[in-house]
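# Descriptive analysis of the structure
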Number of protein chains: 2
Amino acid sequence: MQSALELFTERGFEQTTALEVAQRAGVTERTFFRYFSDKREVLFEGSGELLSGVVGAITGAPVNMAPIDIVTAAMQEAAERMEPNRPYSIQRAAVVAANASLHERELLKLDALSAAAAHALHGRGVPELAATMAAESGVSVFKVGFDTWVGAGPEVTFAQCIHACLDELKGLTAAAQ
Amino acid sequence: MQSALELFTERGFEQTTALEVAQRAGVTERTFFRYFSDKREVLFEGSGELLSGVVGAITGAPVNMAPIDIVTAAMQEAAERMEPNRPYSIQRAAVVAANASLHERELLKLDALSAAAAHALHGRGVPELAATMAAESGVSVFKVGFDTWVGAGPEVTFAQCIHACLDELKGLTAAAQ
DNA sequence: TGGGTCATGTCAGCGCCCGACATCGCACCC
DNA sequence: GGGTGCGATGTCGGGCGCTGACATGACCCA
């Protein structure tokens, strides 16, 4: 993973072969593909923990909490876990932003996050459509908040960015019609 | 495009080679790749018109309209254009749902739609963050509405599905905190 | 000492995708 | 009517992503 991030940063994702990543890590190309299902996946190792963390937060949220608040609280929690890794997040985000297929993979991970959040909400008794829309909104807030966070100075926290996006969303929907 | 949809439906996306699609269409594999940047793209030809239609609707929306209403109205307009092609949409959606990499590409197209909508809103004077969040929400409504539409009976229109999702979103954000 | 398991290496091969060049039909125009 | 250019297509070769099958070797355990 470290070898990949270095090489992708130095000369770009497409200009780096899987063989080169493997060689820098001291293994063969075949071994690389035993650990990562494809060349892009090496940049998305942490997504599993992110997902299970969010699902856990939703499952363990207090009763009588509104669905949208459950999801955004879970996102806040995830954001706090990511706060110490800001430099890594910035470097990784730059690599992802520079390549369409990596961006594509990131969207797939976010969509999986949304689906898992919706499923967890539904498991708490939230109706299907409400759960889906709340999860979609929460992930949107997380996504836009993440972009703002990595683009801002170090004094701005991820949690603050998420809070700002959520407020913006509330204002927009309140002004509807 | 027709050859691809047929073959992907019959035996699946991964079990079909680009060469086979090309041969059924009466051209060489090389010619296939001159028209489509990759094997998946053959299922996403219409996305360009969808995007320009949405951007046009946003740009031409009446002044003093709330951002979220502008976006959802644009989505409604797109939905009405897609209504006559319901059978095609259903077949295509089944193929996409059956393959992760096609789903991935669909998410990329929706993200491009969101980015274009945000840009169009921003061009109307809507502040950056508001434009981004409104576009994200509008695309979420479109996406969830689409899934409900293709899963429902023919008496339910795409526009109705979108309306229902939007209402759900409003209810959720209104119940926040 | 022998056997079992797990990680890794080796090798061959398929399919995606591309660059470079050849071919061919077709409009245009002197 | 015969060049002439151009756009679409075919041909060829090849790099790279990714996989199945088998071999090797380290380690643990009886």
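Residues numbered from 1 in each chain as written. Chains lettered and ligands numbered in written order. Predicted model: local features only at pLDDT ≥ 70, side-chain atom pairs only at ≥ 80, totals over all residues. Heavy atoms only, no water.

## A closer look at the packing of aromatic side chains
Residue and element names in this part refer to chain A.
- Enumeration according to the criterion identifies 14 aromatic pairs over all chains in this entry.
- Look at F8 and F13: their rings are 4.9 Å apart centre to centre, the planes differ by 75 degrees, and that puts the pair in the edge-to-face class. Both residues of the pair, F8 and F13, belong to the buried class.
- Ring pairs connect the aromatic residues F142, F146, W149 and F158, which therefore count as one cluster.
- A cation over a ring is seen here: K39 above F13, with NZ or CZ 4.2 Å from the ring centre.
- The ring of F44 carries the charged tip of R92 above its face, separated from the ring centre by 4.9 Å. (Phe/Tyr/Trp six-rings, centres within 6.5 Å; stacked < 30°, edge-to-face > 60°. Buried < 20%, exposed > 50% of the residue type's maximum accessible area, 1.4 Å probe, protein only. Lys NZ or Arg CZ within 6 Å of the ring centre and 35° of its normal.)

## Points about helix 1 (residues 2-11) of chain A
All names here are of chain A.
- Within helix 1, the full set of buried residues consists of S3, A4, L5, L7 and F8.
- Buried-residue contacts for helix 1 involve helix 2 (18-25) and helix 6 (86-97).
- With its phi angle positive at about 90 degrees, G12 sits one or two positions after the end of helix 1. (Helix = DSSP H or I, 4+ residues; strand = E, 2+ residues; numbered from the N terminus. Contact = heavy atoms within 4.5 Å.)

## Side note on unusual backbone geometry
- Positive phi values are uncommon outside glycine, yet N64(A) reaches one of about 65 degrees.
- For N64(A), the location among the structural elements is in the loop between helix 4 (47-59) and helix 5 (67-82).
- The exposed category is assigned to N64(A), whose relative accessible area is 81%.
- The backbone of Q177(B) sits at a positive phi, close to 65 degrees, despite the residue not being glycine.
- Here Q177(B) shows up in the segment after helix 9 (158-174).

## Focus on the pattern of salt bridges
- Within the structure shown, the criterion is met by 25 salt bridges over all chains.
- One salt bridge in this structure joins R40(B) and E104(A), with 3.1 Å as the shortest N-O distance. You can see R40(B) sitting in the loop between helix 3 (29-35) and helix 4 (47-59) and its partner E104(A) sitting in helix 7 (residues 100-123), one on each of two chains.
- Residue classification places E104(A) among the buried positions, given a relative accessible area of 1%.
- Overlapping salt bridges bring together D38(A), R40(A), E41(A), E104(A), R105(A), K109(A), D38(B), R40(B), E41(B), E104(B), R105(B) and K109(B) as one network. (Salt bridge = Lys/Arg side-chain N within 4 Å of Asp/Glu carboxyl O.)

## Brief notes about the protein's contact with DNA strand D
- Near DNA strand D you find 15 residues, and of these R30(A), K39(A), T31(B), R34(B) and Y35(B) are the closest.
- A breakdown of the atoms of DNA strand D within 4 Å of the protein gives sugar and phosphate a share of 53%.
- Here R34(B) contributes a side-chain N or O atom positioned 2.5 Å from a base nitrogen of DNA strand D.
- Between DNA strand D and Y35(B) there is a distance of 2.3 Å, counted from a phosphate oxygen to a side-chain nitrogen or oxygen.
- Counting only elements with at least two residues in the surface near DNA strand D, the list comes to helix 3 (29-35) of chain A together with helix 3 of chain B. (Near = heavy atom within 4 Å. Polar contact = N/O pair within 3.5 Å; in protein donor to acceptor, adjacent residues only side chain to side chain.)

## With respect to the packing of helix 1 of chain A against helix 2 of chain A
Residues and elements named next belong to chain A.
- Running from N to C, helix 1 and helix 2 cross one another at 130 degrees; their axes reach a closest spacing of 9 Å. In terms of orientation, helix 1 lies oblique with respect to helix 2. Between helix 1 and helix 2 the crossing geometry is right-handed. For the pair helix 1 and helix 2, the contacting residues are S3, A4, E6, L7, F8, E10 and R11 in the first and E20, V21, R24 and A25 in the second.
- When grouped by side-chain class, the residues that make up the contact of helix 1 with helix 2 number 5 nonpolar, 1 polar and 5 charged. (Axes fitted to C-alpha atoms, helices over the stretch in contact; angles between N-to-C directions. Parallel < 35°, antiparallel > 145°, perpendicular 65-115°, else oblique. Left-handed = near helix turned anticlockwise from the far one by under 90°. Nonpolar A, V, L, I, M, F, W, Y, C, P; charged D, E, K, R; others polar.)

## Remarks on the protein's contact with DNA strand C
- The environment of DNA strand C is formed by 14 residues, the closest being T31(A), R34(A), Y35(A), R30(B) and K39(B).
- Those atoms of DNA strand C that come within 4 Å of the protein belong to sugar or phosphate at a rate of 52%.
- Backbone polar atom of A18(B) to a phosphate oxygen of DNA strand C: 3.1 Å apart, as the coordinates give it.
- Between a base oxygen of DNA strand C and a side-chain N or O atom of R30(B), the distance comes to 2.7 Å.
- Where the surface near DNA strand C is concerned, the elements lending two or more residues are helix 3 of chain A together with helix 3 of chain B.
- Across the surface near DNA strand C, the residue classes break down as 4 nonpolar, 5 polar and 5 charged.

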